[in-house]
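Architecture at a glance
Listed here are the chains, written in short residue letters.
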Amino acid sequence: MWKEFKAFIAQGNVLDLAVAVVIGAAFQQIVSSLVDHIIMPFVGVILGGVDFSSLVFQFGDAQVEYGMFIQAIVDFLIIALAIFIFVKVANKLIKRRAEAEEAEEEVEEEPPASEVYLKEIRDLLSKQQESQPNGDKE
């Protein structure tokens, strides 16, 4: 069982997933900073200086911080948009590369002139044999 587990962990998919999680966490920090320090101040100005993270209301002794919830929704939407754009650009690049490879495969090298001449001679001989009557074989 230990060998199977080591083989599973060593598979490329698991390592790729681990790298993706680490990069995703770093990307999340970048997007959070973008939202917190660049986008939300503009949104606050547009909304008259409202800071979503400070939006709260009291319910008895509890303090409901609905502004943090709004901030989380905005973070999610921006992260989803960024991932969508990234995937769209990546797919476009992959498609271009595949089309370029297909175009390279379609371009066939012309055979040497001697091959072309030999094929023409072969075709002429086969036509000549077809046109001769069956009894006149040499």
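Residues numbered from 1 in each chain as written. Predicted model: local features only at pLDDT ≥ 70, side-chain atom pairs only at ≥ 80, totals over all residues. Heavy atoms only, no water.

**Side note on the overall build of the chain**
What counts is decided by this rule: A run of DSSP states H or I qualifies as a helix once it reaches four residues; a run of E qualifies as a strand once it reaches two. Both are numbered from the N-terminal end. Put simply, the radius of gyration uses C-alpha atoms, and a globule should come to 2.2 Å times the residue count raised to 0.38. Partly exposed residues are those whose accessible area sits between 20% and 50% of the maximum for their type, while under 20% is buried and over 50% is exposed, using a 1.4 Å probe and protein chains only. The contact criterion used is simple: two residues touch if any of their non-hydrogen atoms lie within 4.5 Å.
In terms of helices and strands, the chain carries 4 helices and 2 strands. Moving toward the C terminus, one meets the helices and strands of the chain in the order α-α-β-β-α-α. At 34 Å, the chain has a C-alpha radius of gyration far larger than the 14 Å of a compact globule built from 138 residues. Its C-alpha atoms put the chain at 115 × 55 × 25 Å along the principal axes. Within the span of the chain, comprising 138 residues, buried residues form 9% of the whole. Restricting the contact set of the chain to residue pairs at least 6 apart, pairs at least 24 apart contribute 41%.

**Remarks on the environment of Ala-7**
Looking at the secondary structure, you find Ala-7 in helix 1 (residues 2-10). Of the residues examined, Ala-7 reaches a relative accessible area of 45% and is grouped as partly exposed. Ala-7 sits 122 residues away from Gln-129 along the chain, and the two C-alpha atoms are 66 Å apart.

**Remarks on the nonpolar core**
Which entries qualify depends on this criterion: As used in this record, nonpolar core signifies buried Ala, Val, Leu, Ile, Met, Phe, Trp, Tyr and Cys residues forming a set joined through side-chain atoms within 4.5 Å.
Val-31, Val-35, Met-40, Phe-52, Leu-55, Ile-78 and Ile-79 form the largest nonpolar core, which has 7 residues in total. For this core, the secondary-structure elements that each account for two or more residues are helix 2 (12-46) and helix 3 (66-106). By residue number, the principal contributor to this core is helix 2, which donates 3 residues. Not counting chain neighbours up to four residues away, the residues in contact with Ile-78 comprise Val-31, Leu-34, Val-35 and Ile-39.

**Some points on the environment of Ala-62**
As for its position among the elements, Ala-62 is in strand 2 (residues 62-64). In the structure, Ala-62 is positioned 67 residues away from Gln-129 in sequence and 102 Å away in space, judged by C-alpha atoms.

**What to know about a nonpolar patch on the surface**
Under the convention used in this document: Only residues whose relative accessible area exceeds 30% and that form no salt bridge are eligible for patches; like-charged ones are grouped when within 9 Å, while nonpolar side chains (Val, Leu, Ile, Met, Phe, Trp, Tyr) are grouped when within 5 Å. Per-residue and other accessible areas were derived by the Shrake-Rupley procedure at a 1.4 Å probe size, with only the shown protein chains allowed to occlude residues. The term salt bridge refers to a side-chain nitrogen of Lys or Arg lying within 4 Å of a carboxyl oxygen of Asp or Glu.
A cluster of nonpolar side chains, contributed by Leu-81, Phe-84, Ile-85, Val-89 and Leu-93, occupies part of the molecular surface with about 490 Å² of accessible area. Take Ile-85: its relative accessible area is 44%, and that puts it in the partly exposed class.

**With respect to a negative patch on the surface**
Stated precisely, the cut-off is as follows: When charges are counted, Lys and Arg contribute as positive and Asp and Glu as negative, whereas His and the chain ends are disregarded. Each charge is placed at NZ for Lys, CZ for Arg, CG for Asp and CD for Glu.
A cluster of like negative charges, contributed by Glu-99, Glu-101, Glu-102, Glu-104 and Glu-105, occupies part of the molecular surface. Its place among the elements puts Glu-102 in helix 3. Overall, the relative accessible area of 47% leaves Glu-102 in the partly exposed class.

**Focus on the confidence of the model for the chain**
This is how the line gets drawn: The predictor's confidence in any single residue is recorded as pLDDT, a number from 0 to 100.
In this model, the chain carries an average pLDDT of 80, and 91% of its residues clear a pLDDT of 70 or more. Confidence scores differ between elements of the chain, with helix 1 showing the lowest mean pLDDT of 77 and strand 2 the highest of 90.

**A closer look at the environment of Ser-32**
Here Ser-32 shows up in helix 2. Given a relative accessible area of 14%, Ser-32 falls into the buried group.

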